[in-house]
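Below are the chains, spelled out letter by letter.
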Amino acid sequence: MRILNLALNDLLQIIRDWKSFLFLLIMPVIFTLVFGFAFGGFDTGDEEVDPRLPVGFVDQDQEQISPVLFALLKKSDAIRPVTFEEDTTLEELERIVAEDELAAMIIVPDGYSESLPTDQKLKLIIIQKEATSAGATVQNGVQAAVNRLTNSISAAQFSTMIQAQFNPFGSQTDQDAYFDGSLENAVASWDAPPFTLISTQTGAEEERAEQPNAFSHSSPGMMVQFAIAGLIGAAGILVIERKSGSLQRLLTTAISRTEILIGHFLAMFLMVLIQFTILIGFAAIFLDVGYFDAPLATILVTLTTALFVASMGMLIGTLAKSEEQVIMYSLIPMFILSGLGGAWVPLEFTSPTFRTVGHFTPVAWAMDGFQNIVMRGMGLESVLMPAAILLGFTAACFGLAVWRFEYE
Amino acid sequence: MSNRIAIQTNNLHKDFGEVYAVRGVNIEIQSGEIFSLLGPNGAGKTTVISMISGLLKPNQGDATILGHSITHEPLAAKAALGVVPQEIAIYEDLSARENLMFWGKMYGLRGAHLKQRVAEILETIGLADRQKGRVEKFSGGMKRRLNIGIALLHEPEVVIMDEPTVGIDPQSRRKILDSVMELNKQGMTVFYTTHYMEEAQELSDHIAIMDHGEIIASGTHAELVKIVGELDRIELNINTESDRVMETWKNTPGVEKITAENGQLHLLVNDSNLVLPQLFEKAAQVGSRITSVEIQEPNLETVFLHLTGRALRD
Ligand SMILES: Nc1ncnc2c1ncn2[C@@H]1O[C@H](COP(=O)(O)OP(=O)(O)OP(=O)(O)O)[C@@H](O)[C@H]1O
Ligand SMILES: [Mg+2]
């Protein structure tokens, strides 16, 4: 009970200080937005984060139409075609799909191009696992590409026919060339078809919601960075308490030294937890950051990161001898840990050496945890290791703080 | 309540490495009295109090509060004790009321009883109309009063006050002294430390004088003053540097002790009527003139001067 009273008293003092709100909430929101907009483009075209399903593409036809189909498939939002040699055996292709190396195989049968302008159109052969959501995605993607292809071919045929009416072709070669040109135009016009503008835009919107956006990096980064900055106020309370004699006075009541430490730790933990909750809610709701995609994982990383930050606050509070030192001991580690730990620039974009060095900082593990959720769409299992390591850092910092406090 | 021993220390020792802050202190404070520990800066008063209130472990010796040993039954001892620290140990960011509420909870008070005690204390320390104001904005005297009020919340039988009037204006000081006497009238035992002999003299039933970590004298005011016997205390000013004058006066028959403080000379003499003429004469011989003389009744200052050869205030 005394522990809780002490913690609440700390929180009351933190709330009384307007700087708390500046450091804990206002600054991280501003910097999340600034960094998010500044690095807005860094995840586009990045193969590593391509969320589309990979599918095999086997061209047994080897005629002029199949490259067009390949190009159309490549533009798909849902699937990403990977070319296979035409002579790969069916068994081999089936094995690849069965073992989930690829979501599906698309085979363009011999004579496909020839058959398209006719009434006896050949069908594409698709190998896939039955009744899977990936299968449905592949079918939709292929269907969309084939629709575009047949529509384009019709348009090209129609155009060639009209042209022949007014201005007959000199030779079959000329006519074929004209057809190819028209087909190319028709396919190209699918990129910006005036009449389907609305539907493609809607599709693009939805896609963005599922894909990581630039805020997915800046949100956890700035949140962690400013949680450390926010320790200035909380750790300052410990220093003032020692200097004013309030600590001595507390010790004349029935509370023990250990209980005092736990009370302050609890206050810092709650402070950071409240901060994280508000910032995560804000980013998830207004910036589309996918914290809610794996709620349990988010909760685990949030709790362990908050524990770590609080333990660091305890260490600062017990090491610093003055309020000036509190500021120094908070801001210097904040810059070093945030910089090295990838809170500013994602560690994937740095050299392997930097990445290795970075992972000696707890911030890197907090970032890993959050990014596994919001950038890589992973779940609870992916954050177990970061959470465990954060707990390790927590134990180390808290242990040092206890040692300092008892030694005083 | 009467005839019980409120605080007893038994051969308390404390050193901080090289510094021997307290060396063998024995004091006994009866329930219901005001007991003052008088001593100059650095005498060891706060160290004694820290040991009695369980903040410092004695190197040797023990203390009991209402019979509870502070080393063996710290919780029972602490429960009976209210401590007003020398520093102003309050939360500046909070209001007077919030401070009292918090400390009340730390002393184990709850609910309606807590609220009632807070209201009573606010009246006692005269801060009822400023209870919502942030302590940060308070004057030194107001902070001191709040500092005292906190120690009284849990209605302790024994209150220790460590120099509660340091650094405040005479008016606030008066208020504090009055409330100490009022609390004592209500039955509270008060252990009071100070380096103002006037405070010790006015408040106390018993006084102990401390210097260099030791109790050098103790008793009632009257008993202490008797130590200096028939000695008179003379305070005088001269119109030149004091060194040469002091040198010649030292060997004058009847002069017991002589010290200089802020240009003023303090002398302890056997009979001022016999000694004074000689002082004038000897001063003139070295070219000095006495500009003012005051003969005083012996007081605690005299006692301290007599026992240590130094002035109480430095
Ligand atoms: N924590 C400490 N570490 C080292 N020396 C100390 C410590 N506390 C007190 N001292 C020394 O012990 C001696 C007694 O100090 P103490 O504070 O008890 O004196 P005091 O009588 O309360 O003085 P004041 O009137 O200035 O408050 C001093 O010489 C002081 O410097
Ligand atoms: Mg002191």
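Keep in mind that this is a model prediction, so the values were computed, not measured. For every chain, the first residue of its written sequence is number 1, and the numbers climb from 1 along that sequence. Lettering of chains starts at A and numbering of ligands starts at 1, both following the order in which they are written. Restriction of local features to residues with pLDDT of at least 70 applies here, the model being predicted, together with a cutoff of 80 or more for giving and counting side-chain atom pairs; totals for whole chains, interfaces and linings are based on all residues. To get the side-chain values, take all heavy atoms of the structure and skip hydrogens and water.

Observations concerning the nonpolar core
We call a set of buried residues a nonpolar core when its members are Ala, Val, Leu, Ile, Met, Phe, Trp, Tyr or Cys and they connect through side-chain atoms within 4.5 Å of each other. Only protein chains enter the accessibility calculation, which uses a 1.4 Å probe. A residue is then buried if its area is under 20% of the maximum for its type, exposed if over 50%, and partly exposed in between. With 109 residues, the main nonpolar core has L250 and Y291 of chain A together with L146 and M161 of chain B as its most contacted residues. Numbering of helices and strands runs from the N terminus; a helix is a DSSP stretch of H or I covering at least four residues, while a strand is a stretch of E covering at least two. Of the residues forming this core, the biggest block, 14 residues, is contributed by helix α12 (residues 257-286) of chain A. In this structure M161 of chain B touches I49, V84, I148, V180, L183, V190, F191, Y192 and T193 of chain B, once residues within four positions along its chain are discounted. One finds V22, L37, I52 and L81 of chain B within the second-largest nonpolar core, a separate group that totals 28 residues. In this analysis, two residues are considered to be in contact whenever any of their non-hydrogen atoms come within 4.5 Å of each other.

Regarding the packing of helix α5 (residues 140-152) of chain B against helix α6 (residues 170-185) of chain B
Residue and element names in this part refer to chain B. Where α5 contacts α6, the axes come no closer than 10 Å and their chain directions differ by 15 degrees. As far as their axial angle goes, α6 and α5 are roughly parallel. Seen along the crossing, α5 lies across α6 with a hand that is right-handed. Facing α5, whose interface residues are G141, R144, R145, I148 and L152, α6 presents S172, K175, I176 and L183. Residues are sorted three ways: Asp, Glu, Lys and Arg are charged, Ala, Val, Leu, Ile, Met, Phe, Trp, Tyr, Cys and Pro are nonpolar, and all the rest, Gly among them, are polar. In terms of residue class, the contact of α5 with α6 is built from four nonpolar, two polar and three charged. Between the N-to-C directions of two axes lies an angle of 0 to 180 degrees, each axis being a line fitted to C-alpha atoms and, for a helix, fitted only over the stretch in contact. The cut-offs work like this: below 35 degrees is roughly parallel, past 145 is roughly antiparallel, 65 to 115 is roughly perpendicular, and the gaps in between are oblique. In this scheme the crossing of two helices becomes right-handed for a clockwise turn of the near helix relative to the far one and left-handed for an anticlockwise turn of less than a right angle.

Observations concerning the domain arrangement of chain A
Looking at chain A, the domain boundaries give domain 1 (2-43 + 211-407) and domain 2 (53-204). Domain segmentation is taken from an automatic or database assignment of domains. Look at where the C-alpha atoms of domain 1 of chain A and domain 2 of chain A centre, and you get two points 52 Å apart.

Here we look at the site of ligand 1
Residue and element names in this part refer to chain B. Ligand 1 sits among 13 residues. The nearest are G42, T46, T47, Q86 and E163. Two N or O atoms form a polar contact when they lie within 3.5 Å of each other; inside protein one atom must be a possible hydrogen donor and the other a possible acceptor, and for residues adjacent in sequence the pair counts only when both atoms belong to side chains. K45 is positioned with one of its backbone polar atoms (N or O) 2.8 Å from an oxygen atom of ligand 1. Taking T46, its side chain carries an N or O atom lying 2.6 Å from an oxygen atom of ligand 1. A 1.4 Å probe and the Shrake-Rupley method give the accessible areas. Residues count as covered only by the protein chains that appear here. Surface burial for ligand 1 is 62%, taken as the share of its 640 Å² of free accessible area covered by protein chains. Listing elements by their share of the shell around ligand 1, those giving two or more residues are β2 (19-25) and α1 (45-52). The element best represented in the shell around ligand 1 is α1, accounting for three residues. Across the shell around ligand 1, the residue classes tally to five nonpolar, six polar and two charged. Nearness of a residue to a molecule or strand requires only that one of the residue's heavy atoms be within 4 Å of it.

Let's talk about helix α1 (residues 2-16) of chain A
The end-to-end C-alpha distance of α1 of chain A is 21 Å, a good match for the 21 Å that 15 residues give at a rise of 1.5 Å each. Restricting attention to buried positions, one finds in α1 of chain A the residues N5, L6, A7, N9, D10, L11, Q13 and I14 of chain A. Turning to α1 of chain A, the residues buried within the fold contact α2 (18-38), α10 (231-244), α11 (246-251) and α12 of chain A together with α3 (96-106) of chain B. Here, expected helix span is obtained from the residue count minus one, scaled by 1.5 Å.

What about the pattern of salt bridges?
Charged atoms that come close allow side chains of opposite charge to pair. The rule for a salt bridge is simple: a side-chain nitrogen of Lys or Arg has to be within 4 Å of a carboxyl oxygen of Asp or Glu. Considering all chains together, one arrives at 15 salt bridges over all chains under this definition. Taking the shortest distance from any N to any O, the salt bridge between R16 of chain A and E98 of chain B comes out at 2.6 Å. One end of the pair, R16 of chain A, is in helix α1; the other, E98 of chain B, is in helix α3, on a second chain. Take R16 of chain A: its relative accessible area is 29%, and that puts it in the partly exposed class.

Re the coordination of the magnesium ion (ligand 2)
At the metal site, the magnesium ion (ligand 2) is ligated by T46 of chain B (OG1) and Q86 of chain B (OE1), and these contacts range over 1.8 to 2.1 Å. In this pair, T46 of chain B is assigned in helix α1 and Q86 of chain B in the loop between β7 (81-84) and α3, connecting sequence segments 40 residues apart. Coordination here is defined by N, O and S atoms within 2.8 Å of the metal (3.2 Å for Na, K and Ca), and since water is not considered, a site can look incomplete.

Notes on the packing of aromatic side chains
Aromatic pairing here means that ring centres of Phe, Tyr or Trp (its six-membered ring) are within 6.5 Å. Orientation follows from the plane angle: under 30 degrees is stacked, over 60 is edge-to-face, and everything else is tilted. As enumerated under the stated definition, the model contains 14 aromatic pairs over all chains in all. Judged by centre distance (5.3 Å) and plane angle (85 degrees), the ring pair of F37 of chain A and F215 of chain A falls under edge-to-face. Pair noted here: F37 of chain A is in helix α2 and F215 of chain A is in helix α9 (residues 215-229), with a separation of 178 residues, a long-range link. The class for F215 of chain A is buried, based on a relative accessible area of 12%. For the ring pair F265 of chain A and F398 of chain A, a centre distance of 4.7 Å and an interplane angle of 55 degrees mean the geometry is tilted. Remark: F398 of chain A occurs in helix α17 (residues 380-407) and F265 of chain A occurs in helix α12; sequence separation between them is 133 residues. Residue classification places F265 of chain A among the buried positions, given a relative accessible area of 14%. Chaining the aromatic ring pairs together yields one cluster made of F31, F35 and F226 of chain A. Only when the NZ atom of a Lys or the CZ atom of an Arg is both within 6 Å of the ring centre and within 35 degrees of the ring normal do we say a charge sits over the ring. Above the plane of the ring of W103 of chain B lies R249 of chain A, whose end atom (NZ or CZ) is 5.6 Å from the centre. One Lys or Arg, R257 of chain A, reaches over the ring of F405 of chain A and ends 5.0 Å from the middle of that ring.

A few points about unusual backbone geometry
Of all residues except glycine, most have a negative phi; of all peptide bonds, most are trans. The backbone of D288 of chain A shows a phi angle near 60 degrees, a positive value even though the residue is not glycine. With respect to the helices and strands, D288 of chain A occurs in the loop between α12 and α13 (295-319). Given a relative accessible area of 43%, D288 of chain A falls into the partly exposed group. The phi dihedral of E155 of chain B is positive, around 50 degrees, even though this residue is not glycine. With respect to the secondary-structure elements, E155 of chain B resides in the loop between α5 and β8 (158-162). Judged by relative accessible area, which is 47%, E155 of chain B ranks as partly exposed.

Quick look at the environment of V289 of chain A
All names here are of chain A. Mapped onto the elements, V289 comes out in the loop between α12 and α13. Residue classification places V289 among the buried residues on the basis of a relative accessible area of 2%. Along the sequence, V289 and M271 sit 18 residues apart, while their C-alpha atoms lie 22 Å from each other. Those residues in contact with V289 that sit more than four places away from it in its chain are N213, F215, S216, S219, A283, A284 and V374.

Description of the interface of chain A and chain B
The interface is formed by 20 residues belonging to chain A together with 27 residues belonging to chain B. Taken over both partners, the interface formed by chain A and chain B buries close to 2200 Å², and the fraction arising from carbon and sulfur atoms is 56%. Of all residues in chain A, R16, R249 and T252 of chain A bury the most surface against chain B, accounting for 34% of the area lost on that side. Counting every contact that joins chain A to chain B gives eight residue pairs in polar contact (both at pLDDT 80 or more). For the side of chain A that touches chain B, the elements supplying multiple residues, two or more each, are α1, α10 and α11 of chain A. Take the side of chain A that touches chain B: its biggest share by element is seven residues, from α1 of chain A. Of the residues that constitute the side of chain A that touches chain B, the class distribution is seven nonpolar, nine polar and four charged. By buried area we mean how much accessible surface two parts lose on assembly, using a 1.4 Å probe and totalling the loss over both.

Details of the sheet that holds strand β13 (residues 255-261) of chain B
Residues and elements named next belong to chain B. The strand order across the open sheet formed by four strands is β13-β14-β12-β15, and the pairing between neighbours is antiparallel. Both edges of this open sheet fall to β13 and β15 (290-296), since each of them pairs with a single strand only. Recorded for the sheet is a direction-independent mean angle of 20 degrees between the axes of neighbouring strands. Strand pairing is assigned whenever DSSP identifies at least 2 bridges connecting the two strands. Relative to β15, strand β12 (residues 232-238) is paired through six bridges, and the arrangement is antiparallel. If you follow I234 over to β15, its bridge partner there is I295.

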